[in-house]
Amino acid sequence: MLSSPVPSVPVTILPEEDQVIFTLADGSRHAARLVSSARARRLRLRLAPGGALLLTVPAGLAPRELPALLAAFLPWLEKKLPACTPAPPPELPHQLDLPLRHDSLRVRRAGTLAEGRRRAMSSPEAPLLLRAGGKRLLALVHGHELLLHAADTPEDAALLLRRWCRRQAESLLPPFLLSLARQGGFSLAHISIRDQRSRWGSCSRRDGGSINLNWRAVLLPPPLLEHLCWHELCHLRHMDHSPAYHAELARFSPDWRARERALGLFWRDLPPWARPGTPPR
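Residues numbered from 1 in each chain as written. Predicted model: local features only at pLDDT ≥ 70, side-chain atom pairs only at ≥ 80, totals over all residues. Heavy atoms only, no water.

Between its terminal C-alpha atoms helix H5 (residues 222–235) stretches 20 Å, which fits the 20 Å expected from 14 residues at 1.5 Å a residue. H5 sits mainly inside the fold: 11 of its 14 residues count as buried. In this structure, the buried side of H5 is in contact with helix H4 (154–184), strand E12 (201–204), strand E13 (210–214), helix H6 (243–252) and helix H7 (256–268). (Helix = DSSP H or I, 4+ residues; strand = E, 2+ residues; numbered from the N terminus. Expected span 1.5 Å × (residues − 1). Buried < 20%, exposed > 50% of the residue type's maximum accessible area, 1.4 Å probe, protein only. Contact = heavy atoms within 4.5 Å.)

Most of strand E5 (residues 53–58) sits inside the fold, with six of its six residues counted as buried. Every second residue of E5 is oriented toward a common face, with Leu-53, Leu-55 and Val-57 on one face and Leu-54, Thr-56 and Pro-58 on the other, all of them buried. Judged from the six bridges that link them, strand E3 (residues 29–37) and E5 form a sheet pairing that is parallel. What sits directly across from Ser-36, in E5, is Val-57. In this structure, strand E4 (residues 44–47) lies alongside E5, joined through four bridges in antiparallel fashion. If you follow Arg-44 over to E5, its bridge partner there is Thr-56. (Pairing = 2+ DSSP bridges.)

Next up on the list: the pattern of salt bridges. One pass over the full model with this rule turns up 10 salt bridges. For the salt bridge of Arg-101 with Asp-103, the shortest nitrogen-to-oxygen distance reads 3.4 Å. Within the structure, one salt-bridge network assembled from shared partners comprises Arg-101, Asp-103 and Glu-125. (Salt bridge = Lys/Arg side-chain N within 4 Å of Asp/Glu carboxyl O.)

In structure tokens, the structure reads:
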């Protein structure tokens, strides 16, 4: 179950987002990335060189114990981050382009949950009901609009939009990747859609070949998405970035150098609602 960031609550845990939100006395909100460690014996909060907050959590620590323990970090944060201004709330896109759906949807916060349920009865596809702490949020397609119901705050709306896009990615990306794998003669047994914070995808040769794709890949224009898939598929034959790997990649994506640069730029320019906050690698 997710918790939604509420300014009056000093510590909010978002387990499925791997984040903790600290709200300081000045109203500023700061996200710390959760990192589970089997070797850690205690909680540790630190500032990374780039200014990101990292929270190391012992692997055996029960989630229900975290809120009381995390409150102890607030005085330290008040000293370390004395002059921070509140981060602006994430803005929703006016239009959401999903090339694999061959669709562009207008995005807007709509009405109450009850209104959304009534609309869902005539929706051409299943709505997404998201439980966020004590709230229930609903996303559904209505005509050429993506309606976000019961999303009372920009944070709620951004969370709901991310989860809806991830569900689209889980439906659309695997068939696209499998089609390319068959076309290129690659053996692929498993495909996972993940919320990777620092890369577009990854792969492994284990268990017949496995590829993980970042859900944000569903936002890519087709040429970049196709290149990303070839990039990961070629790693099933060469698990490195050697000349042999790049020669293999060039067979399927001849303009691979330009595509790699374009992928990096697309990541850099991700809108705030979709941005994980760390550069790709």
